[in-house]
Amino acid sequence: QVQLVESGGGLVQAGGSLRLSCAASGRTFSSYAMGWFRQAPGKEREFVAAISWSGGSTYYADSVKGRFTISRDNAKNTVYLQMNSLKPEDTAVYYCAAEYKAARLGVTVRQYDYWGQGTQVTVSS
């Protein structure tokens, strides 16, 4: 079992940057592909980015491609989401998620086995 705790959210002006972190418990972190999702008020949770267990493969939603970067440090059991050039439409609660021994990177909520509690990101115009 994996427990996930996100941090790094906050209030930022449009055009600014934030770095989210997701710390995982357990000794088998490197067995999990990791993803970031977000959910704005009144909307469904949507895929943002994913990274393979080794960090060798990444995948992004079109809406964040070129602005966000996902990375991981298996020695620290942590996955990161660097968010640059933030826009008001990026405002949401951001969640990290873990998928055990994923054959390929997941982009849907149901593909992931464990979820964090979320961290709020608010981008002002």
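Each chain has its residues counted from 1, running along the sequence as written. pLDDT decides what is reported in this predicted model: residues at 70 or higher carry local features, side-chain atom pairs at 80 or more are listed and counted, and totals for whole chains, interfaces and linings draw on all residues regardless. Derived side-chain values reflect all non-hydrogen atoms in the structure, with water molecules and hydrogen atoms excluded from consideration.

(A) Layout of the pattern of salt bridges. Salt-bridge detection follows one rule: a side-chain nitrogen of Lys or Arg within 4 Å of a carboxyl oxygen of Asp or Glu. Following the criterion strictly, the structure yields 4 salt bridges and no others. Close ionic contact of R38 with E46 constitutes a salt bridge, the shortest N to O distance being 2.6 Å. Classification of E46 by relative accessible area gives partly exposed; the value is 37%. The residue D90 makes a salt bridge to R67 at a minimum N-O spacing of 2.8 Å. Here R67 lies in the loop between β6 (58–60) and β7 (68–73) and D90 lies in the loop between β8 (78–83) and β9 (92–100), a separation of 23 residues in the sequence. Remark: exposure states derive from per-residue accessible area (1.4 Å probe, protein chains only) relative to the maximum for the residue type, with buried under 20%, exposed over 50%, and partly exposed in between. Comment: elements are numbered from the N terminus, with helices defined as DSSP H or I runs of at least four residues and strands as E runs of at least two.

(B) The packing of aromatic side chains, seen in detail. In this analysis, rings of Phe, Tyr and Trp, with Trp reduced to its six-membered ring, are considered paired at centre separations within 6.5 Å, and the interplanar angle assigns stacked below 30 degrees, edge-to-face beyond 60, and tilted for intermediate values. Applying the stated criterion across every chain yields a total of 7 aromatic pairs. Here the aromatic residues F37, F47, Y59, Y112 and W115 are joined through ring pairs into a cluster of three or more. In this scheme, Lys NZ or Arg CZ marks a charge over a ring once it lies within 6 Å of the ring centre and within 35 degrees of the ring normal. Its end group placed over the ring of Y80, R19 keeps NZ or CZ at 4.0 Å from the ring centre. If you follow R72 out to its NZ or CZ, it ends over the ring of F29, 4.4 Å from the centre.

(C) Molecular detail of the pairing of β7. A one-sided burial pattern is seen for β7, the buried positions being F68, I70 and R72 and the unburied ones T69, S71 and D73. We treat two strands as partners when DSSP finds at least two bridges between them. Here β7 pairs with β8 via 6 bridges, running antiparallel. Across the sheet, residue R72 finds its bridge partner in β8, namely V79. With antiparallel pairing between neighbouring strands as the criterion, β7 and β8 make up a hairpin whose turn holds 4 residues, including N77 at a positive phi of roughly 50 degrees.

(D) Spotlight on the pairing of strand β4 (residues 32–39). Burial analysis of β4 places 7 of its 8 residues in the buried class, which makes it a mostly covered element. Two elements, β4 and β9, share 8 bridges in a ladder whose sense is antiparallel. Following the sheet pairing, Y32 is matched in β9 by Y100. Of the strand pairs in this sheet, β4 and strand β5 (residues 46–51) are connected by 5 bridges, and their pairing is antiparallel. Pairing of M34 across the sheet is with I51, part of β5. If you look at the hairpin formed by β4 and β5, you'll find 6 residues sitting between the two strands, and G42 has a positive phi there, around 80 degrees.

(E) Spotlight on the side chain of T119. When you line up the elements, T119 lands in strand β11 (residues 119–124). Polar contact criterion, stated in full: a pair of N or O atoms within 3.5 Å, where within protein one must be able to donate a hydrogen and the other to accept it, and residues adjacent in sequence count only if both atoms are side-chain atoms. For T119, the side chain forms a polar contact with the main-chain nitrogen of G9, separated by 3.2 Å. Residue contacts are defined here by distance: any two heavy atoms, one from each residue, within 4.5 Å place the two residues in contact. If we skip the residues at most four places from it in the chain, T119 touches E6, S7, G8, G9, L20, A92, V93 and Y94.

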